[in-house]
Each structure stands twice: as C-alpha cells, then as structure tokens.
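The primary structure of each chain is shown beneath.
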Amino acid sequence: MSNIVTEMIVEKLDQVILLLQVQKPATPGEENWVILNRQIDSIRQGMADQQLQGQKGARKQDTILTVITGLESQIKALPGRATVEHKHHLHKGIWIAAGLLMITILLSWQWLVQIGEKEQFRENDIKYRYLKAYGDREVRQLCHRTDSIYVARKDDFEDKVLSEEKRMRDWVDSMRLAGERQGSSSRKQRVIK
C-alpha cells in the first residue's frame, strides 16, 4: 500500500513539474497558482498518510521532501504581480458642508444687497414725506397731483418715469464726454504751443 501512495506522490510531483515548465514566468495566472498550491497540499497529505502506515519508505520520503522544497522554491521564484491602487476621496460630509457654505455665502450676499435697497427706499420715503409736510403750497400740490396720477395709471406712470430717468442719464453722460473732449483738446493745444 505504501508503494501505491509513493507512486501517487511521484505522479503528482511530475504533474507539478510539468505545470511549472509550461508556465510562462512573466505572467503567472491566478488559476495556476491555485492548482500548484492544491497539488502541494495533496502531496503533503499523501506523505502524512504514508508516515502513518510505517517507516518502510523513509528514503523515498526524504527524496520526495527534497523535491517538494525545490518545487516550493521554484514557485516562490516565479515573479508575482502585485498591484497597489491608491484612491483618495473626500467624505460625503465634506461635500455637503462645502455646498452649504456656498449657499450660506450666496444668501448672505443677497441679504446685504436687500438691506442696502431697503435703506434707499426708506431715505426716498422720508424725502418725499418731507416735501409733502414742509414744502410750500406748490410743492404740496405737485406731490398730491403725482400721487393721484400714480394711483390712476400705475403702469403708464412707471414707464414714463423710467424713460425720463434714462434720458437724463444719457444727457449727463453726453455732457461728461463733451467735457472730457474739450479738456483733452485744450491739453493738445497747450502741448502744440
């Protein structure tokens, strides 16, 4: 019986050696590694079974052990491929905090703009009320007439006011440009003289 086990071990070793010879050393496959490890384990199991049966084939066991150690050294000598992947990522909480910070900044900016507009409206209201309270009779009549026109024709009133303001801005811009041209021409005349 021990001869049968020894023959099986020798056959397995021959298979492993053939597998190693066929194996390309540059690209060992994962399944080949698994097969080699299984065969080495089966050889060890056969050796353990033979030792239980007796010490008859002690010399054969020594030769088998040397073959196994040589086989293991050949397996270790095969180049292995280890890939290391580095992944850097931010936690979801950081992205949420950054988004909330941006929203807070935008809302704070809008709030400050609205405060400025509210102050401008308050100032204009006080000015208008001052004119109504302390203006002479003609100013009060003008304010009353303006209020009446506004109540009667809101849309038309607003359009006329906006167009008149635009016309006045254009006139002021044209006057400023004319003053700049006149100033630059007088500088040129001084340089020429």
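Would you take a moment to explain the overall build of the protein chain for this structure?
The secondary structure content of the protein chain amounts to six helices and zero strands. Helices and strands in the protein chain line up, N terminus first, as α-α-α-α-α-α. Within the span of the protein chain, comprising 193 residues, buried residues form 15% of the whole. Taking the intrachain contacts of the protein chain between residues at least 6 apart in sequence as the baseline, contacts between residues at least 24 apart amount to 61%. Working note: accessible area of the protein chain is about 16,700 Å², and carbon and sulfur atoms make up 60% of it.

Would you mind going over the nonpolar core with me for this structure?
As a rule of thumb, nonpolar side chains are buried together in soluble globular proteins. One finds Ile-9, Leu-13, Val-16, Ile-40, Ile-43, Ile-64, Ile-68, Leu-71 and Ile-75 forming the largest nonpolar core, which totals nine residues. Elements with a contribution of two residues or more to this core: α1 (2-22), α2 (30-53) and α3 (58-77).

I tried to follow the pattern of salt bridges on my own but got confused; where do I start?
Should their charged atoms come close, side chains of opposite charge can pair. Following the criterion strictly, the structure yields eight salt bridges and no others. With a shortest N-O distance of 3.2 Å, Lys-132 and Asp-147 are connected by a salt bridge. Of this pair, Lys-132 sits in helix α4 (residues 92-134) while Asp-147 sits in helix α5 (residues 137-152), placing them 15 residues apart in sequence. The partner of Asp-156 in a salt bridge is Lys-160, and the shortest N-O contact between them spans 3.5 Å. Taken as a pair, Asp-156 and Lys-160 lie in helix α6 (residues 154-192) at a separation of four residues, close to a single helical turn. Among the charged side chains, a salt-bridge network with shared partners connects Arg-153, Asp-156 and Lys-160.

It is not clear to me how the packing of aromatic side chains should be interpreted in this structure. Could you clarify?
Aromatic ring pairs: the centre-centre distance and the angle between the two ring planes describe each pair. Tallied over the entire structure, the rule returns two aromatic pairs. Relative to Tyr-134, the ring of Tyr-130 lies with its centre 5.1 Å away and its plane at 40 degrees, an arrangement referred to as tilted. Taken together, the residues span about one helical turn, with Tyr-130 and Tyr-134 both in helix α4 at a distance of four residues. In terms of burial, Tyr-130 and Tyr-134 fall into one category: exposed. Here Tyr-150 and Phe-157 contribute two aromatic rings whose centre-to-centre distance is 5.4 Å and whose plane-to-plane angle is 75 degrees, an arrangement assigned as edge-to-face. Here Tyr-150 falls in the partly exposed class, since its relative accessible area comes to 39%. Residue classification places Phe-157 among the partly exposed positions, given a relative accessible area of 23%.

Got a minute to help me understand a nonpolar patch on the surface in this structure?
Taken together, Ile-96, Leu-100, Ile-103 and Leu-107 make up a surface patch of nonpolar side chains, about 420 Å² in accessible area. Counting through the fold element by element, Ile-96 comes out in helix α4.

Would you explain the confidence of the model for the protein chain in this entry?
Detailed reading of the predicted model is not advised wherever pLDDT is low. Summary statistics for the protein chain give a mean pLDDT of 78 and a share of 70% for residues scoring 70 or more. Ranking the helices and strands of the protein chain by mean pLDDT puts α4 first, with 92, and α2 last, with 67.

What exactly am I supposed to notice about the packing of α4 against α5 here?
How two helices pack is summed up by the angle between their axes together with the distance between the axes. Across the interface, α4 lies against α5 with an axial gap of 7 Å and an inter-helix angle of 125 degrees. Comparing the axis directions of α4 and α5 gives the class oblique. The chirality of how α4 crosses α5 is left-handed. For the pair α4 and α5, the contacting residues are Tyr-128, Leu-131 and Lys-132 in the first and Val-139, Arg-140, Cys-143 and Asp-147 in the second. The residue makeup of the contact of α4 with α5, split by class, is four nonpolar, no polar and three charged.

Is there a simple way to think about the environment of Ser-42 in this case?
Along the polypeptide, Ser-42 turns up in helix α2. Ser-42 gets classed as partly exposed once you look at its relative accessible area, which sits at 29%. With 34 residues separating them along the chain, Ser-42 and Met-8 place their C-alpha atoms 9.8 Å apart.

Thresholds applied
Residues numbered from 1 in each chain as written. Predicted model: local features only at pLDDT ≥ 70, side-chain atom pairs only at ≥ 80, totals over all residues. Heavy atoms only, no water. Helix = DSSP H or I, 4+ residues; strand = E, 2+ residues; numbered from the N terminus. Buried < 20%, exposed > 50% of the residue type's maximum accessible area, 1.4 Å probe, protein only. Contact = heavy atoms within 4.5 Å. Areas by Shrake-Rupley, 256 points an atom, 1.4 Å probe, with all protein chains shown as cover. Core = buried A, V, L, I, M, F, W, Y, C linked by side-chain atoms within 4.5 Å. Salt bridge = Lys/Arg side-chain N within 4 Å of Asp/Glu carboxyl O. Phe/Tyr/Trp six-rings, centres within 6.5 Å; stacked < 30°, edge-to-face > 60°. Patch = residues over 30% accessible without salt bridge, like charges linked within 9 Å, V, L, I, M, F, W, Y side chains within 5 Å. pLDDT = per-residue confidence, 0-100. Axes fitted to C-alpha atoms, helices over the stretch in contact; angles between N-to-C directions. Parallel < 35°, antiparallel > 145°, perpendicular 65-115°, else oblique. Left-handed = near helix turned anticlockwise from the far one by under 90°. Nonpolar A, V, L, I, M, F, W, Y, C, P; charged D, E, K, R; others polar.

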